[in-house]
Amino acid sequence: MQHPLPDWPLWYFPKALPTDKADHLFKALDALEHWQQPSITLYGKTHPIPRTQIWMGADGADYTYSNQRFEPSPWHPSVRTLARWLTRLTRHYIDDAPAYNSVLLNRYQDGQQRMGWHSDDEPELGNAPIIASLSLGAARPFRLRGRAREAREITPSQNIWLAHGSVLLMGRGIQTHWQHALLPRAIKSPRINLTFRHIFI
Ligand SMILES: O=C(O)CCC(=O)C(=O)O
Ligand SMILES: [Fe+2]
């Protein structure tokens, strides 16, 4: 286990899953047929998101993103098992962590597919979201920077390379004080990431 930002509740487990399990999971999720590429409107222009996604989880765990409401697809059995395992892992590090009841899966075909700067602070996540992020496939750098300009001057932004089978656990306060992004890189192979969340229903 690594602790990439001293003083912050952020934990990185490079080999949380053994390689054979991670390989198997990548193949199963890659084969899902309901990967979607919705369009979002940014600064008045509408574009398809530069990746594909599936919102999955318990009934009623709807979430709103760029003014669109997403209803979850039912749990894939392996993903439900991961949610339970990650809830147990999380509770070793964070007292009173709620059980994960939903997950956003993102699939990046190659290094050109990406996710811009944001924090996961939607109201349905409550005021101190806890998120567990599981990565499969090509390793990509997850970039973190302070949310306020002053904070950025004190703490430079950081890259955490998220390896195949790794887990990054983001505790309370990370979404309030930090932003993250998955920027484009010259990488040819695909990556799938799952961010497990608790939605207040
Ligand atoms: O793909 C990643 O590692 C980041 C995903 C992410 O930030 C999100 O789903 O909110
Ligand atoms: Fe995020």
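Each remark here, short or long, concerns the structure printed above.
This is a predicted model, so every value here is computed, not measured.

Engineer: Any chance you could explain the overall build of the protein here in plain terms?
Structural biologist: Secondary structure summary: the protein contains four helices and 14 strands in total. Here the C-alpha atoms of the protein give a radius of gyration of 16 Å, agreeing with the 17 Å that 2.2 N^0.38 yields for 201 residues. Projected onto its principal axes, the C-alpha positions of the protein cover 45 × 45 × 40 Å. When burial is assessed residue by residue, the protein has 31% of its 201 residues classed as buried. In the protein, of all internal contacts separated by at least 6 residues, the share reaching a separation of at least 24 is 74%.

Engineer: Looking at this model, I keep getting lost on the sheet that holds strand β8 (residues 115-118). Mind explaining?
Structural biologist: Within the open sheet, the four strands sit side by side as β8-β13-β10-β11. Their pairing is antiparallel. Strands with a single pairing partner mark the edges of an open sheet, and in this sheet they are β8 and β11 (158-162). When strand polarity is set aside, the average angle formed by the axes of neighbouring strands in this sheet is 20°. Where strand β10 (residues 140-146) lies against β11, five bridges are found, and the strand directions are antiparallel. Residue pairing for β11: Leu 144 is matched across the bridge by Gln 158.

Engineer: Help me understand the nonpolar core in this model?
Structural biologist: Buried together is how nonpolar side chains tend to be arranged in soluble globular proteins. In this structure, Ala 83, Val 103, Leu 105, Ala 132, Leu 168, Met 170 and Phe 196 are the most contacted members of the largest nonpolar core, which totals 37 residues. Residues in contact with Ala 132, not counting those within four places in the same chain, are Leu 86, Thr 90, Tyr 100, Val 167, Leu 169 and Phe 196.

Engineer: Can you walk me through the site of ligand 1 in this structure?
Structural biologist: Every residue close to ligand 1 is listed here: Leu 104, Asn 106, Met 115, Asp 120, Ser 133, Phe 142, Leu 162, His 180, Leu 182, Asn 193 and Thr 195. Mapped by element, the contributors of at least two residues to the shell around ligand 1 are β7 (102-108), β13 (178-182) and β14 (191-197). For the shell around ligand 1, the class distribution of residues is five nonpolar, five polar and one charged.

Engineer: Is there a simple way to think about the sheet that holds strand β1 (residues 10-13) in this case?
Structural biologist: Strand pairs in the sheet, formed through backbone hydrogen bonds, run parallel or antiparallel to each other. Read across the open sheet, the six strands follow the order β1-β12-β9-β14-β7-β4; overall the sheet is antiparallel. Two strands lie at the open edges of the sheet, namely β1 and β4 (52-57), each paired on one side alone. Neighbour-to-neighbour, the strand axes of this sheet turn through a mean angle of 15°, independent of strand direction. Sheet topology places strand β9 (residues 131-137) next to β14; six bridges connect them, and they run antiparallel. Residue Leu 136 lies in a different strand from β14, and its bridge partner there is Ile 192. Along the sheet, helix α1 (residues 19-30) makes contact with β7, β9 and β14, crossing β9 at roughly 90°.

Engineer: Please explain the environment of Ser 133 as it appears in this structure.
Structural biologist: Along the chain, the position of Ser 133 falls in strand β9. Since 24 C-beta atoms lie within 10 Å of it, Ser 133 is described here as buried. With 60 residues separating them along the chain, Ser 133 and Asn 193 place their C-alpha atoms 6.8 Å apart. When near neighbours in sequence (up to four residues on either side) are disregarded, Ser 133 contacts Val 167, Leu 168, Met 170, Asn 193 and Thr 195.

Rules used in this analysis
Residues numbered from 1 in each chain as written. Chains lettered and ligands numbered in written order. Predicted model: local features only at pLDDT ≥ 70, side-chain atom pairs only at ≥ 80, totals over all residues. Helix = DSSP H or I, 4+ residues; strand = E, 2+ residues; numbered from the N terminus. Rg over C-alpha atoms; globule rule 2.2 N^0.38 Å. Buried ≥ 20, exposed ≤ 12 C-beta atoms within 10 Å, placed from the backbone. Contact = placed C-beta atoms within 7 Å. Pairing = 2+ DSSP bridges. Axes fitted to C-alpha atoms, helices over the stretch in contact; angles between N-to-C directions. Core = buried A, V, L, I, M, F, W, Y, C linked by C-beta atoms within 7 Å. Near = placed C-beta within 6 Å. Nonpolar A, V, L, I, M, F, W, Y, C, P; charged D, E, K, R; others polar.

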